[in-house]
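Notes for the structure review
Given next are the chains, with one letter for each unit.
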Amino acid sequence: NAGVTQTPKFQVLKTGQSMTLQCAQDMNHNSMYWYRQDPGMGLRLIYYSASEGTTDKGEVPNGYNVSRLNKREFSLRLESAAPSQTSVYFCASSGGTAATNEKLFFGSGTQLSVL
Amino acid sequence: GENVEQHPSTLSVQEGDSAVIKCTYSDSASNYFPWYKQELGKRPQLIIDIRSNVGEKKDQRIAVTLNKTAKHFSLHITETQPEDSAVYFCAATGSARQLTFGSGTQLTVLP
């Protein structure tokens, strides 16, 4: 099992450019998440999807959009990248619904730099 | 929403000594408290978790305690080893039913 796979691993953008981060899980999990990790700030939730067909905002959703393409895939899009979006992005999944507390399985991360 | 504070931000211990990391949370409805370990350049991984109906949980050298009245929980690592060196994150699930993470503790185990 690959677990949670996210691409790309590294990306450099210029201010104003757009891009999509891809995430897929092969564990048949219901819930999927996008976090960003900044030094000294822990992991902050951007968006999540409790089940196929639903998405909800997390703590820091501004400047991002998401798509739950199917049960396996959850993508994160930056429409007009800004330097403040320079961060490490992690996709995660869990087996339960948003109402249950389950172990998060993380992808390997995407290091994004916006110049 | 939930607010999780974590202390200390950095911690150095001698190999074989114990390490304690403390977290406080704000939402009294929180009922799930996991701890994640992140080695340099790697993804976070769950090492232990505790639910609000339990005061303490232990897994080999790692233990977590929860004080719901005071709204704080702690991670205890005994007999530390060099491979314990990593960043540790606490988290809590508040009334919004999503995990809020602490800011992390960089633990360094000195040989």
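Everything numeric here is computed off the predicted structure, so don't read it as measured data.

**Some remarks on the interface of chain B and chain A**
With 17 residues of chain B at the contact, the number on the chain A side is 20 residues. Of the roughly 1,600 Å² buried between chain B and chain A on both sides combined, carbon and sulfur atoms contribute 51%. Among the residues chain B hides against chain A, the three largest losses belong to B:R43, B:Q98 and B:F101. Together they make up 36% of the total. Along the contact surface separating chain B from chain A lie 0 salt bridges. For the interface between chain B and chain A, the tally reads 3 residue pairs in polar contact (both at pLDDT 80 or more). Among the elements of the structure, β4 (32-38), β5 (45-51), β9 (86-93) and β10 (99-101) of chain B are those that each provide at least two residues to the side of chain B that touches chain A. In terms of residue count, the dominant contributor to the side of chain B that touches chain A is β4(B) (3 residues).

**Regarding the sheet that holds strand β3 (residues 19-25) of chain B**
Residue and element names in this part refer to chain B. Taken in spatial order, the 5 strands line up as β1-β3-β8-β7-β6 in an open sheet, and their pairing is antiparallel. At either end of the open sheet lies a strand with only one pairing partner, and these are β1 (4-7) and β6 (56-59). Pairwise comparison of adjacent strand axes, ignoring direction, gives a mean angle of 15° for this sheet. Both β1 and β3 contribute to a ladder of 4 bridges, which runs antiparallel. Within β3, the position partnered with E5 by the bridge is T24.

**Concerning the pairing of strand β4 (residues 31-37) of chain A**
Residues and elements named next belong to chain A. With 7 of 7 residues buried, β4 lies mostly within the body of the structure. As paired elements, β4 and strand β9 (residues 87-94) share 7 bridges and run antiparallel to each other. Looking at the pairing, R36 lines up with Y89 of β9. In terms of strand pairing, β4 meets strand β5 (residues 43-49) through 6 bridges, oriented antiparallel. Residue pairing for β5: M32 is matched across the bridge by S49. Where β4 hands over to β5, the hairpin turn is made up of 5 residues, of which G40 adopts a positive phi near 75°.

Basis of the calculations
- Residues numbered from 1 in each chain as written.
- Chains lettered and ligands numbered in written order.
- Predicted model: local features only at pLDDT ≥ 70, side-chain atom pairs only at ≥ 80, totals over all residues.
- Heavy atoms only, no water.
- Contact = heavy atoms within 4.5 Å.
- Buried area = accessible area lost by both parts, 1.4 Å probe.
- Salt bridge = Lys/Arg side-chain N within 4 Å of Asp/Glu carboxyl O.
- Polar contact = N/O pair within 3.5 Å; in protein donor to acceptor, adjacent residues only side chain to side chain.
- Helix = DSSP H or I, 4+ residues; strand = E, 2+ residues; numbered from the N terminus.
- Pairing = 2+ DSSP bridges.
- Axes fitted to C-alpha atoms, helices over the stretch in contact; angles between N-to-C directions.
- Buried < 20%, exposed > 50% of the residue type's maximum accessible area, 1.4 Å probe, protein only.

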